[in-house]
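For reference, the chains in residue letters:
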Amino acid sequence: MDARLNIYASPVGGTVTKYLNAAGKAVSDSTLPAATQELVKIRASQINGCGFCTDMHTKDAAHAGETSTRLNLVAAWREATVFTEAERAALELTEQGTRIADAAGGVRDEAWANAAEHYDEEQLAALVSLIAVINTYNRLNVIIRQPAGDYQPGMFG
């Protein structure tokens, strides 16, 4: 399977992804815990059916020391006992922020308030930005049918 388009070879696509990467770097450099960042990226990618991003972020998380139990339970986090309350709040915000079209009114006040109990304002800004960035990457990869499975941790820098 080949991608429909090499987004990085296009001048426009290359520029857009450069700016997306810069936004992602701002988030990764934030105080939002790295493990939470990977869980958010994995969950949004699962919801959006982005095999490439799911492959990338599960491998990156495992490479950083995340356990297979937690990685295997991200899709069923509500029933799992292996996530902290802060991580659960981030996952809930991720789901609601990713499924905006599925719920009238978007993200519920309760989900926001729960996240705000666990994260300070800078971390919330990073969390919201991360949800937006990973959803953008998911959509790019799904549209161009970027194949999944060959990613190796660190291959993009």
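Coordinates for the structure precede this section.
Remember, predicted model here, so these are calculated numbers, not experimental data.

(A) Structural detail: the overall build of the chain. Secondary structure summary: the chain contains seven helices and zero strands in total. Secondary structure elements of the chain occur, N-terminal to C-terminal, as α-α-α-α-α-α-α. For 157 residues, the compact-globule estimate of 2.2 N^0.38 gives 15 Å, and the C-alpha radius of gyration of the chain, at 15 Å, lies within 12% of that figure. With respect to the principal axes defined by its C-alpha atoms, the chain has extents near 45 × 35 × 30 Å. A burial count over the chain gives 39% of its 157 residues as buried. Of the charged side chains in the chain, 13 are positive and 19 negative; the average position of the first set lies 7 Å away from that of the second.

(B) Layout of the side chain of Glu95. Within the secondary structure, Glu95 is located in helix 5 (residues 85-98). Discounting chain neighbours no more than four positions away, the residues touching Glu95 are Arg43, Ile47, Trp77 and Arg78.

(C) Examining the packing of aromatic side chains more closely. Under the counting rule described, the total for this entry stands at two aromatic pairs. In this structure, Lys18 is placed above the aromatic ring of Tyr19, and the distance from its NZ or CZ to the ring centre is 5.2 Å.

(D) Up close: the pattern of salt bridges. Counted by the stated rule, this structure contains 11 salt bridges. Here Glu87 ties to Arg70 by a salt bridge, and the two come within 2.8 Å at their closest N and O atoms. In this pair, Glu87 is assigned in helix 5 and Arg70 in helix 4 (residues 68-73), connecting sequence segments 17 residues apart. For the pair shown, Glu87 and Arg70 are each scored as buried.

(E) Local environment of helix 3 (residues 51-63). Spanning 13 residues, helix 3 covers 18 Å between terminal C-alpha atoms, matching the ideal 18 Å at 1.5 Å per step. Listed as buried for helix 3 are Phe52, Cys53, Thr54, Asp55, Met56, His57, Asp60 and Ala61. Where the residues of helix 3 are buried, they touch helix 2 (34-48), helix 4 and helix 7 (121-144). Gly65 sits one or two residues past helix 3 and shows a positive phi near 105°.

(F) Broad picture of the nonpolar core. Core analysis: the largest hydrophobic core is formed by 12 residues, namely Val27, Leu32, Val40, Ala90, Leu93, Ala115, Tyr119, Leu124, Ala126, Leu127, Leu130 and Ile131. Contributions of two or more residues to this core are made by helix 5 and helix 7. With five residues, the top contributor of residues to this core is helix 7. Among residues more than four places away in sequence, those in contact with Ala115 are Ala89, Leu93 and Leu124. Grouped together as the second largest cluster of nonpolar side chains are 10 residues, Leu20, Phe52, Met56 and Val133 included.

What counts and how
- Residues numbered from 1 in each chain as written.
- Predicted model: local features only at pLDDT ≥ 70, side-chain atom pairs only at ≥ 80, totals over all residues.
- Heavy atoms only, no water.
- Helix = DSSP H or I, 4+ residues; strand = E, 2+ residues; numbered from the N terminus.
- Rg over C-alpha atoms; globule rule 2.2 N^0.38 Å.
- Buried < 20%, exposed > 50% of the residue type's maximum accessible area, 1.4 Å probe, protein only.
- Lys, Arg positive; Asp, Glu negative; His and termini not counted.
- Charge placed at Lys NZ, Arg CZ, Asp CG, Glu CD.
- Contact = heavy atoms within 4.5 Å.
- Phe/Tyr/Trp six-rings, centres within 6.5 Å; stacked < 30°, edge-to-face > 60°.
- Lys NZ or Arg CZ within 6 Å of the ring centre and 35° of its normal.
- Salt bridge = Lys/Arg side-chain N within 4 Å of Asp/Glu carboxyl O.
- Expected span 1.5 Å × (residues − 1).
- Core = buried A, V, L, I, M, F, W, Y, C linked by side-chain atoms within 4.5 Å.

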